[in-house]
Amino acid sequence: MMTDLDQEGIKSKKQPKQKIISLFKTIVLYTLMFVMIYTAVNWWRQPIMPANPQLQLTDYQGQTVDLAAMSHEHPTLVYFWGTWCSVCSFTSPTINKLAADNYPVVTIAVQSGSNQELHGYLDQHQFDFTTINDQEGDIFTDWQGQVTPSYVILEDGKMTQGLTGIQPLWSLKLRLWLASIL
């Protein structure tokens, strides 16, 4: 027959296991809540493609960029950012790496100064991605952009995905790959 001390010993052995299970459940619950809230906020803040979007643009160096034609060849990432955006200072190197890996990327610098100022900024940070200078923010406004950085994936001239905030390189590559096979 078990004594009270034996029963207490069994209970104390179960407690650490129960604590771990409880901690695991809490972590899973908070992770699910975070994912749901993040997804809802991202969906709400994402850019919205205008009914008749301007897809033939001119970059800050005067070269024509045809987003519709690019997106017919491969899904194309359009990245809205600003030289003044503190979060963009973390995301722009990722976009530069994506462009360097030969992914189709076009960036739109929102209210980031004159072409000369933008050129100086891009040179200073050694960014080589194609950049449209949206000096007045008209393009971003047409896309109903709310926050920078924002991302749009275009396929066959149509928006297939919209994102905001910090996106890791693997996530952007995965999204472009999925867009190309689906």
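None of these values were measured; they are calculated from a predicted model. Every chain's residues receive numbers from 1 upward, in the order its sequence appears when written. Given that the model is predicted, a residue must reach a pLDDT of at least 70 before its local features are reported, and side-chain atom pairs must reach 80 or more before they are shown or counted; all residues, however, enter totals for whole chains, interfaces and linings. No hydrogens and no water enter the side-chain calculation; it runs on all heavy atoms of the structure.

Caption draft 1: Representation of the packing of helix α3 (residues 88-100) against helix α6 (residues 169-181) in the model. Contact geometry for α3 and α6: axes closest at 10 Å, N-to-C directions at 45 degrees. With respect to α6, the element α3 is oriented oblique. Like other packed secondary-structure pairs, α3 and α6 cross with a definite hand, here right-handed. From α3, T94, I95, K97 and L98 reach across to α6, where they touch L169, L172, K173 and L176. Side-chain classes follow a simple rule in which Ala, Val, Leu, Ile, Met, Phe, Trp, Tyr, Cys and Pro form the nonpolar group, Asp, Glu, Lys and Arg form the charged group, and the remainder, Gly included, forms the polar group. The class makeup of the residues in the contact of α3 with α6 is 5 nonpolar, 1 polar and 2 charged. Lines are fitted to the C-alpha atoms to define the axes, a helix being fitted only along its stretch in contact, and any angle between axes, read from their N-to-C directions, falls within 0 to 180 degrees. Helix and strand definitions follow DSSP, with helices as H or I runs of at least four residues and strands as E runs of at least two, each counted in order from the N terminus. Any angle that is under 35 degrees is reported as roughly parallel, and any over 145 degrees as roughly antiparallel; angles of 65 to 115 degrees are reported as roughly perpendicular and all others as oblique. Handedness of each helix crossing follows the sense of rotation of the near helix against the far helix: counterclockwise by less than a right angle gives left-handed, clockwise gives right-handed. For this analysis, residues touch if any pair of their heavy atoms sits within 4.5 Å.

Caption draft 2: Main features of the packing of aromatic side chains. Only Phe, Tyr and Trp rings take part, Trp by its six-membered ring, and two of them pair if their centres are within 6.5 Å. Stacked means planes under 30 degrees apart, edge-to-face means over 60, and tilted covers everything else. By the definition in use, this model includes 8 aromatic pairs. With a centroid separation of 6.4 Å and an interplanar angle of 50 degrees, the aromatic rings of Y121 and F127 are classed as tilted. Of the two residues, Y121 and F127, both sit in the buried class. Pairwise contacts between aromatic rings join Y79, W81, Y121, F127, F129 and Y151 into one cluster. Per-residue accessibility, obtained with a 1.4 Å probe over protein chains only, is compared with the maximum for each type, and a residue is labelled buried under 20%, exposed over 50%, and partly exposed between these values.

Caption draft 3: Here's a closer look at the environment of W143. Relative to the assigned elements, W143 resides in the loop between α5 (138-142) and β6 (150-155). Residue W143 is classed as buried on the basis of its relative accessible area of 4%. In sequence terms W143 and P53 are 90 residues apart; their C-alpha atoms lie 8.1 Å from each other. Setting aside residues no more than four positions away along its own chain, W143 makes contact with P47, I48, M49, P50, P53, L55, F80, V152, L154 and M159.

Caption draft 4: Here's a closer look at the nonpolar core. Definition of nonpolar core: a set of buried residues of the types Ala, Val, Leu, Ile, Met, Phe, Trp, Tyr and Cys, connected through side-chain atoms within 4.5 Å. Core analysis: the largest hydrophobic core is formed by 22 residues, its most contacted members being L77, W81, I95, L122, F129, Y151 and L172. Mapped onto this core, the elements with two or more residues apiece are β3 (76-81), α3, β4 (105-110), α4 (115-124), β6 and α6. Per-element accounting of this core gives the leading share, 4 residues, to α3. Formed by 15 residues, the second largest nonpolar core is a distinct cluster that contains L55, L57, V106 and F140.

Caption draft 5: Spotlight on the pairing of strand β7 (residues 158-164). In terms of strand pairing, β6 meets β7 through 6 bridges, oriented antiparallel. Residue pairing across strands places L154 opposite M159, the latter belonging to β7. One bridge is not enough; two strands pair if DSSP finds at least two bridges between them. The turn linking β6 back onto β7 is made up of 2 residues, and D156 within it adopts a positive phi angle of 55 degrees.

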